[in-house]
Amino acid sequence: MALHLYDTATRDVREFRPARSGTASMYICGATVQGVPHIGHVRGALNYDVLRRWLVHNGLDVLLVRNVTDIDDKIVTKAADAGRPWWEWAATHERAFEDAFTVLGCLPPSISPRATGHVTQMVELIQRLIDRDAAYVSGGDVYFSVTSLPDYGSLSGQRPDEVQQGETAADGKRDPRDFTLWKAAKPGEPAWPTPWGEGRPGWHLECSAMATTYLGSEFDIHGGGVDLVFPHHENERAQSHAAGDGFARYWLHNAWVTLSGEKMSKSLGNIVAIPEMLRKCRPVELRYYLIQPHYRSTIEYSDEALAEAAQGYRRVEQFLRRAGGEVRLGEVPAEFAAALDDDLGTPQAFAVLHNTVRDGNTALDAGDDTKALEFAESVRAMVHVLGLDPLSKQWQDAASHSGEARALGTLVDALLSERVQARADKDFTRADAIRDQLTAAGIAVEDTPNGPSWTVRD
RNA sequence: GGCGGCGUGGCCGAGUGGUUCAGGCAAGGGCCUGCAAAGCCCUGUACGCGGGUUCGAUUCCCGCCGCCGCCUCCA
């Protein structure tokens, strides 16, 4: 079965056929860098990272654009409140987002274009819209005329007559539903020169301009959170279609991470920021937690569920450790591929992963190392696609190569040697004392047929 | 008011018109172990409520209840 994806625009699961064979182009709405990232922000990025990895696994050359919206009302307002330059405020939070994406194992995008760097392209797009009578100048503002596009509202399922743009109904609008492409500058605000005067971009314009700049007038996948369906993506689509661009061919939207049943948002004060999360678990465990549920299902965050996920990941990790160090990347099972092909069915994919882990453990228990290795290679192929490969460079414990780690290893090994001797001598009191001592130090000891094994526990 | 989503066993979380319907975590029993740990095996008999369609519905239809989201910045 070929990859199928749920397309918001058509409201059904469609076979994914890239516009250009052998390639896939993705535009992901990244952050408006007005604050610190929380796990909801990161969830979306993770979902699209898995999709991207799956496309790559299937031999496609993927171009991934993840934008940074570094100019908008909130950035200007918040920076002013903090008494900092708007551009410093934006840059600071852009870095926080980048760090969060990186620490959770998102592959870097092909490019992370910033809105402020693409004013030229925005001006050009506005001009095309004006030329086609889809936009008009009013004072120093430029508005998009919603009535110029007959199927306006079709992406989000809104009826045009019911639609309201959140923006204040400015005086210059011909129709209250029209939205702003370009805002005239107010004194003291950041501004760029245009044929219509000094100003700054409206919210939706930058994505249309940047997507088509890098991916062409038509590209394959446009992704973002469900809240972006309307008005952001509806308006992006409108302005690009009105300009004559084919624009996105598949619209994907990921669901929320909620807290106590409510959407995480700064205004509710219920965000779980990334640095805070990483005190509770390892980054790879957070990644596991966030990508296991289906991307279109809401995740109701809880510490307990996160801990369960971490436990589940450790099971996989433990199996690969048991199977030995020389586990190559094998092939993913057909059921795993079928699961991901079915609208990125990660829950089913994880089920296949765990079934394979069990089969592998069973083989190990039976002493069939050859078979176990085959399962391990298959497991590794799956976790590789999911970005969860414990043997990958990303997740190799960085500290394991440090001087401290070597010193620790030497000491633990010495104690374990002593314990092996004690056990051989049937001095179990001594053997257990050593184990207790290590346990108290946060080191878990396991006896295996090949001798003792130890890991540092949280 | 317009549009949309959700309610599954102790918990998380899939899924399907029908004897055996994921997977994980936790729990109990067993195997293994000097004892553990890890691993493996077994056990739980669930689908918000009320109708309807059907030989049969958790799965389809209708109504209801509850929760949530978008329509205002938002991943």
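Here the structure is a predicted model, which means the values were calculated and not measured.

Reading the values: rules and limits
Once a new chain begins, its residue numbering starts again from 1 and follows that chain's sequence as written. To label them, take the chains in the order written and letter them from A, then take the ligands in the order written and number them from 1. The predicted origin of the model limits local features to residues at a pLDDT of at least 70 and limits the giving and counting of side-chain atom pairs to 80 or more, whereas totals for whole chains, interfaces and linings rest on all residues. Side-chain figures throughout are based on the complete set of non-hydrogen atoms in the structure, without hydrogens or water. Buried Ala, Val, Leu, Ile, Met, Phe, Trp, Tyr and Cys residues that are joined via side-chain atoms within 4.5 Å together make up what is termed a nonpolar core. Here the term buried applies to any residue with accessible area under 20% of the maximum for its type, exposed to any over 50%, and partly exposed to those in between, with areas from a 1.4 Å probe on protein chains only. Counting from the N terminus, the helices are the DSSP runs of H or I reaching at least four residues and the strands are the DSSP runs of E reaching at least two. Any two residues having at least one pair of non-hydrogen atoms within 4.5 Å are treated as being in contact. A pair of strands is considered paired only if DSSP assigns at least 2 bridges between the two. Lines are fitted to the C-alpha atoms to define the axes, a helix being fitted only along its stretch in contact, and any angle between axes, read from their N-to-C directions, falls within 0 to 180 degrees. Where each domain starts and ends comes from a domain assignment, either automatic or drawn from a database. Two aromatic rings, drawn from Phe, Tyr or Trp (for Trp, its six-membered ring), form a pair once their centres lie within 6.5 Å of each other, and the interplanar angle then sorts them: stacked below 30 degrees, edge-to-face above 60, tilted otherwise. Whether a charge sits over a ring depends on NZ of Lys or CZ of Arg being within 6 Å of the ring centre and within 35 degrees of the ring normal. For a helix, the expected span equals 1.5 Å multiplied by the number of residues minus one. When we speak of the arc, we mean the arc of directions from the helix axis to the C-beta atoms. What counts as a disulfide here is a pair of cysteine sulfur atoms lying within 2.5 Å. Any carboxyl oxygen of Asp or Glu that lies within 4 Å of a side-chain nitrogen of Lys or Arg is treated as forming a salt bridge with it. Orienting the strands away from the viewer, one traces the path from the first strand over the helix to the second; a clockwise path indicates a right-handed crossover.

S.K.: Explain the nonpolar core here, please?
M.R.: A general trend in soluble globular proteins is that nonpolar side chains are found buried together. Grouped together as the largest cluster of nonpolar side chains are 80 residues, with contacts concentrated most on I39, L55 and F336. Take this core: its biggest share by element is nine residues, from helix 1 (residues 39-57). Discounting residues that sit within four places of it in the chain, I39 has contacts with V257, M264, V272, I274, M277, L286, L290 and Y301. If you look at the next biggest cluster of nonpolar residues, it comprises 40 residues, including A115, L149, L205 and A242.

S.K.: Mind showing me how you'd approach the sheet that holds strand 8 (residues 199-201) here?
M.R.: Backbone-to-backbone hydrogen bonds join strands into a sheet, with any given pair of strands oriented parallel or antiparallel. Reading across the sheet, the four strands line up as 5-6-7-8 and stay open at both edges, with antiparallel pairing between neighbours. In this open sheet, the two edge strands, each paired with only one partner strand, are strand 5 (135-138) and strand 8. Between one strand axis and the next, the sheet turns by 25° as a mean value, whatever way the strands run. Bridge count for strand 7 (residues 179-184) against strand 8 is three bridges, and the pairing is antiparallel. Note that in strand 8 the partner of W182 across the bridge is P201. Each of strand 5, strand 6 (141-144), strand 7 and strand 8 touches helix 4 (residues 119-131); the most contacted strand, strand 7, lies at about 125° to it.

S.K.: Mind showing me how you'd approach the domain arrangement of chain A here?
M.R.: The figure often quoted for interface size is the accessible area lost as the parts come together. As assigned here, chain A comprises domain 1 (4-254), domain 2 (262-386) and domain 3 (398-456). Taken over C-alpha atoms, the centre of domain 2 sits 28 Å from the centre of domain 3.

S.K.: Which parts of the structure should I look at to understand unusual backbone geometry?
M.R.: What is expected of a backbone is that most residues other than glycine have negative phi and most peptide bonds are trans. Between F230 and P231 the backbone carries a cis peptide bond, its omega angle lying at 0°. Turning to its location among the elements, P231 is positioned in helix 6 (residues 229-242). At F247, a residue that is not glycine, the phi angle is positive and equals roughly 60°. Along the chain, F247 turns up in strand 10 (residues 247-254). Since its relative accessible area comes to 0%, F247 is described here as buried.

S.K.: Teacher, can you tell me more about the packing of aromatic side chains here?
M.R.: Note on aromatic pairs: each is described by the distance of the centres and the angle between the planes. Throughout the structure, instances matching the rule amount to twelve aromatic pairs. With a centroid separation of 4.9 Å and an interplanar angle of 25°, the aromatic rings of F144 and F179 are classed as stacked. Residue F144 is found in strand 6, and its partner F179 is found in strand 7; the two are separated by 35 residues along the sequence. Residue classification places F179 among the buried positions, given a relative accessible area of 0%. Linked through ring pairs, Y27, F219, F247 and W251 together constitute an aromatic cluster. The aromatic ring of Y295 is capped on one face by R296, whose charged end is 5.8 Å from the ring centroid.

S.K.: For this particular structure, what's the right way to read helix 4?
M.R.: At 3.6 residues per turn, the α-helix brings residues three or four places apart onto the same side. With 13 residues, helix 4 extends 18 Å between its outermost C-alpha atoms, agreeing within 8% with the 18 Å of an ideal straight helix rising 1.5 Å per residue. Considered for burial, the residues of helix 4 that qualify are V119, M122, V123, L125, I126, L129 and I130. Buried residues of helix 4 fall within an arc of 160° about the axis and therefore sit on the same side. Turned more than 90 degrees off the buried face of helix 4, the exposed positions are T120 and D131. Its buried side turned inward, helix 4 meets strand 5, strand 6, strand 7, strand 8, helix 5 (205-215) and helix 6.

S.K.: Please clarify how the sheet that holds strand 10 should be interpreted in this entry.
M.R.: The strand order across the open sheet built from four strands is 4-3-9-10, with neighbouring strands paired in parallel fashion. Each edge of the open sheet is held by one strand with a lone partner, namely strand 4 (61-69) and strand 10. Across the sheet, the mean angle separating the axes of adjacent strands is 25° when strand polarity is ignored. As defined by bridge partners, strand 3 (residues 23-32) adjoins strand 9 (residues 218-225) across three bridges and the pair is classed as parallel. In the sheet register, M26 faces strand 9, and the bridge partner there is I221. Packed on one face of the sheet, helix 5 meets strand 3, strand 4, strand 9 and strand 10 and runs near 150° to strand 3.

S.K.: Honestly, the state of the cysteines in this entry has me stumped. Any pointers?
M.R.: As enumerated under the stated definition, the model contains zero disulfides in all. Looking at the unpaired C29, the closest cysteine sulfur is the one in C207, lying at 3.8 Å. Free cysteine C281: the closest other cysteine sulfur is in C106, separated by 15 Å.

S.K.: Any chance you could explain the pattern of salt bridges here in plain terms?
M.R.: Opposite charge on two side chains permits them to pair, given that their charged atoms come into close proximity. Counted under the stated rule, the structure contains 27 salt bridges. Residue R17 pairs with E15 through a salt bridge whose shortest N-O separation is 3.3 Å. Between R237 and D151 there is a salt bridge, with the nearest N and O atoms lying 2.7 Å from each other. Pair noted here: R237 is in helix 6 and D151 is in the loop between strand 6 and strand 7, with a separation of 86 residues, a long-range link. For D151, a relative accessible area of 32% puts it in the partly exposed group. The network of salt bridges with common partners includes D73, K183, E189 and R200.

S.K.: Would you mind showing me how to read the pairing of strand 4 here?
M.R.: Looking along a regular strand, one sees the side chains alternate between the two faces of the sheet. Burial of strand 4 is extensive: seven of the nine residues sit out of reach of the surface. Note that strand 3 and strand 4 share eight bridges and pair parallel. Opposite A24, over in strand 4, you have V62 as the bridge partner. Each parallel crossover has a hand, and the one from strand 3 via helix 1 to strand 4 is right-handed.

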